[in-house]
Amino acid sequence: MRTKPLAAPPHEAPWSAQDSADLYGVNDWGCDFFKVSDNGELEVQVDFKDHTVSVPLIQIIEGMQERGLEMPAILRIENLLDARISALNEAFARAIQSYQYGNVYRGVFPIKVNQQCHVVEEIADFGSRYHHGLEAGSKAELIIALSKLHDNESMIVCNGYKDAEFIELGLYAKEMGINCIFVLESLKELPIILERSEALGIEPLLGVRIRSSVTVDGHWNEDSGDRSIFGMSTHSLVRVVEELKQANMLHCLQLLHCHLGSQIPNIRNIRMGVMEACRFYSGLIEQGAPMGYLDLGGGLAVDYEGASSNHTHSMNYQLDEYCNNIVETIQECLDPENIPHPVIVTESGRATVAYSSMLLFNTLDVRTYEPAPLPESLADDASSTLQSLWQVNQDVGAENYQECYNDALFYRDEIQSLFRRGQASLSERAIAENIALSIFQKVAKEIRSSERVPEEMQHLPQMLADIYYGNFSVFQSLPDTWAIDQVFPVMPIHRLDEKPTRDAMLADLTCDCDGKIDVFATAEGTSSTLALHSLKEEEEYYLGVFLVGAYQETLGDLHNLFGDTHVVSVAIREDGRFDFVREIHGDSIADVLSYVEYDPRIMSEELRQRAEKAVRQGRITPARRKQMLKAFKASLDGYTYFERGTL
Ligand SMILES: *Cc1c(COP(=O)(O)O)cnc(C)c1O
């Protein structure tokens with residue numbers, strides 16, 4: 001971990017919006033979709049044929065408020081999803097053209113990455129111009145794919161373990177002319193497929209998923225390679241071919257599937273995986289299978305850090321390079337054997353949807369670790385320990401900060417132990433802790449501006465960082481930050497023309513020790529604090545967490561019963577205006593209670609009975625009872641997050 005905090009550098013010239021863009025790395029992770037305007041607002045940028053439109057996020061928040069949608073909210077920008085589908089398909093088209101590859105690309109979107117109806121509909125709709133299909137890993141997802149995909153040239157790839165019902169659905173789809181392929185995950189699936197196929201008189205399209213021996217870098221991929229829990233062993237693959245031959249069905253085997261893992265940061269792993277997949281592909285052709293499709297799975301990464309590195313949360317390649325590598329490697333492997341070029345299929349999920357969603361929230365409060373103003377001098381009768389501490393505070397400087405830090409710790413601990421023994425008073429302890437805090441802050445300041453920091457002191461700036469309390473739940477909206485230490489770009493969406501002067505970490509509403517964000521991406525690695533602006537009285541301070549469109553929305557849990565946030569989908573128009581194309585209200589308190597099997601109606605009745613009893617006992621008036629029950633009802637119907645001024 002990078003140890004220097006992400007703080008605004010010392011700065012001579014006045015702070016500019018451009019300085020903020022650099023500080024938060026917008027141009028590194030934003031894929032040109034985000035931009036800081038000169039007046040300090042973060043804008044979404046959308047390209048149209050002959051011009052670019054920019055819309056400040058703060059304007060969209062205002063629009064939401066006018067419609068009664070309060071923070072926090074997930075904001076989806078449709079245009080960004082469209083742009084990513086285009087980018088992927090067009091990058092493959094360019095690679096295919098420039099290498100004169102003899103076949104086409106067909107992308108499929110894995111529904112599990114974002115199952116939200118509107119997202120899948122948008123992919124199916126916008127993607128139809130590229131025959132972009134869907135990948136389904138369960139019956140429910142296959143039903144989504146069958147109902148939402150209307151283009152018969154698009155593929156539906158069925159992964160996951162399939163029962164007879166799953167297989168029937170897929171066979172009917174194939175009979176209707178839908179390009180629906182079953183990918184065998186294991187040998188055991190084959191008899192069911194053959195049996196159902198014969199019973200219904202419909203031949204399946206089949207694929208096999210192999211287990212690649214390539215081990216892949218990055219978080220997700222600890223179980224890549226031979227330990228992968230997915231895919232068939234080579235031995236099983238050979239058995240599948242034999243059984244298909246016996247059943248006279250080998251002509252159904254058309255696709256080879258190889259998914260190396262998700263978020264593959266290193267292009268070398270991808271190239272190795274493709275090489276190995278090609279060997280399997282040509283092996284199957286040698287066995288007499290017709291083949292025709294090579295499905296390379298997901299794995300195309302997102303550069304959450306904007307570092308262009310092979311770190312877990314980054315990637316050391318660009319989209320064009322990814323496509324070129326795949327196309328070129330397939331040619332290099334198959335041309336010497338005179339094998340016709342297969343249709344290239346990939347199942348990019350993360351890289352397709354991550355950009356289009358962001359979590360927006362306001363901040364509710366800040367806890368700082370600033371000392372209270374110190375008096376001019378200590379009282380004459382102050383203890384000698386207190387006097388020593390006072391002197392340290394006078395002396396801290398660039399040369400002696402380590403010594404001062406050690407001394408401050410020593411004297412502070414001394415007073416605390418005197419306090420425990422009854423030899424120092426409460427107010428002495430308070431004064432000592434405050435002076436120590438003053439020293440620590442001075443030391444932290446020296447640390448921030450010094451090149452080499454002793455290891456034992458590196459955590460100090462983080463220990464003294466402000467805690468900004470955000471109106472959101474990590475567990476609901478950013479589950480991967482908590483579950484797998486995923487890093488997302490985080491930044492304020494306005495006031496970017498002001499210098500951010502505070503070092504901060506973020507805590508959510510749950511006040512759970514895991515309900516926090518304290519790892520932030522920077523181009524030089526990760527940092528434990530983020531530079532933020534001081535809060536102003538009477539003015540909201542809005543932050544955004546970006547690139548959250550993949551894997552976050554349906555993993556969220558009900559920690560502390562914070563429910564789904566509002567979700568707003570916006571389409572930006574060519575004239576720079578934007579429409580709210582969908583608004584989904586987040587869970588009410590009654591909703592989340594019913595998820596955990598409470599019945600809000602019974603709860604209302606129980607409260608009514610208690611209130612009535614209190615009336616009977618003369619504790620409250622009937623008018624108060626009415627008022628109370630009204631408040632209770634309003635709470636049940638209200639948002640689970642912090643609502644400003646609802647009363
Ligand atoms: C999860 C998954 C994907 C999506 O991977 P991304 O890295 O999000 O592109 C694709 N294919 C299969 C089989 C998967 O399990």
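Residues numbered from 1 in each chain as written. Predicted model: local features only at pLDDT ≥ 70, side-chain atom pairs only at ≥ 80, totals over all residues. Heavy atoms only, no water.

(A) Fine view of the packing of aromatic side chains. Counted under the stated rule, the structure contains 16 aromatic pairs. Seen from their ring centres, F33 and Y355 are 5.7 Å apart, and the 70° between their planes marks the pair as edge-to-face. Linking F33 in the loop between helix 2 (26–29) and strand 1 (34–36) with Y355 in the loop between helix 12 (350–353) and strand 13 (357–367), this pair joins segments that are 322 residues apart in sequence. A relative accessible area of 11% means that F33 is categorised as buried. Judged by relative accessible area, which is 5%, Y355 ranks as buried. Here F578 and F580 contribute two aromatic rings whose centre-to-centre distance is 5.9 Å and whose plane-to-plane angle is 65°, an arrangement assigned as edge-to-face. (Phe/Tyr/Trp six-rings, centres within 6.5 Å; stacked < 30°, edge-to-face > 60°. Helix = DSSP H or I, 4+ residues; strand = E, 2+ residues; numbered from the N terminus. Buried < 20%, exposed > 50% of the residue type's maximum accessible area, 1.4 Å probe, protein only.)

(B) Examining the site of the ligand more closely. Residues in contact with the ligand amount to 16 residues; listed here are only the nearest, K112, S262, E347, G349 and Y551. In the model, an oxygen atom of the ligand is placed 2.5 Å from a nitrogen or oxygen of the S262 side chain. Contact between the ligand and R350: an oxygen atom at 2.9 Å from a main-chain N or O atom of the residue. Counted by class, the shell around the ligand contains two nonpolar, nine polar and five charged residues. (Near = heavy atom within 4 Å. Polar contact = N/O pair within 3.5 Å; in protein donor to acceptor, adjacent residues only side chain to side chain. Nonpolar A, V, L, I, M, F, W, Y, C, P; charged D, E, K, R; others polar.)

(C) Here's a closer look at the sheet that holds strand 7 (residues 155–158). Reading around the circumference, 5-6-7-8-9-10-11-12 is the order of the eight strands in this closed barrel, with parallel pairing throughout. In this sheet, adjacent strand axes meet at a mean angle of 25° when their direction is disregarded. Both strand 5 (residues 105–110) and strand 6 (residues 133–136) contribute to a ladder of three bridges, which runs parallel. Bridge pairing in strand 6 links P110 to E135. Sheet strands touched by helix 4 (residues 78–98): strand 5 and strand 12 (343–346). Its angle to strand 5, the strand with the most contacts, is close to 155°. (Pairing = 2+ DSSP bridges. Axes fitted to C-alpha atoms, helices over the stretch in contact; angles between N-to-C directions. Contact = heavy atoms within 4.5 Å.)

(D) Seen up close, the sheet that holds strand 2 (residues 42–47). In space, the three strands of this open sheet follow the order 1-2-3, with antiparallel pairing throughout. Edge positions in the sheet fall to strand 1 and strand 3 (52–56), since each has one partner strand and no second. Adjacent strand axes in the sheet meet at a mean angle of 35° when their direction is disregarded. Its contacts with the sheet place helix 3 (residues 57–66) against strand 2 and strand 3, and it is angled at close to 60° to strand 3.

(E) Structural view of the pairing of strand 12. Here strand 12 shows two buried faces, one formed by V343 and V345 and the other by I344 and T346. With three bridges connecting them, strand 5 and strand 12 associate as parallel partners. Within strand 12, the position partnered with R106 by the bridge is V345. In this structure, strand 11 (residues 293–295) lies alongside strand 12, joined through three bridges in parallel fashion. Looking across to strand 12, one finds that Y293 is bridged to V343. Handedness of the strand 11-helix 11 (residues 319–334)-strand 12 crossover: right-handed. (Right-handed = clockwise from strand over helix to strand, strands pointing away.)

(F) Structural detail: the side chain of D151. Relative to the assigned elements, D151 resides in the loop between helix 6 (139–148) and strand 7. Of the side chains with opposite charge, R106 lies nearest to the buried D151, which makes no salt bridge, at 6.9 Å. In this structure the side chain of D151 is engaged in a polar contact, spanning 2.7 Å, whose partner is the side chain of H131. In this structure the side chain of D151 is engaged in a polar contact, spanning 2.6 Å, whose partner is the side chain of S154. (Lys, Arg positive; Asp, Glu negative; His and termini not counted. Salt bridge = Lys/Arg side-chain N within 4 Å of Asp/Glu carboxyl O.)

(G) Examining the side chain of N79 more closely. Take N79: it is sitting in helix 4. We classify N79 as buried; its relative accessible area is 12%.

(H) Layout of the UniProt feature "modified residue: N6-(pyridoxal phosphate)lysine" (unreviewed entry) in the protein chain. Within this numbering scheme, the UniProt entry marks K112 as carrying the feature "modified residue: N6-(pyridoxal phosphate)lysine" (unreviewed entry). Among the structural elements, K112 can be located in the loop between strand 5 and helix 5 (117–127). With sequence-adjacent residues up to four places away left out, K112 is seen in contact with E141 and Y551. (UniProt positions renumbered as here; feature names shortened; annotations may be inferred.)

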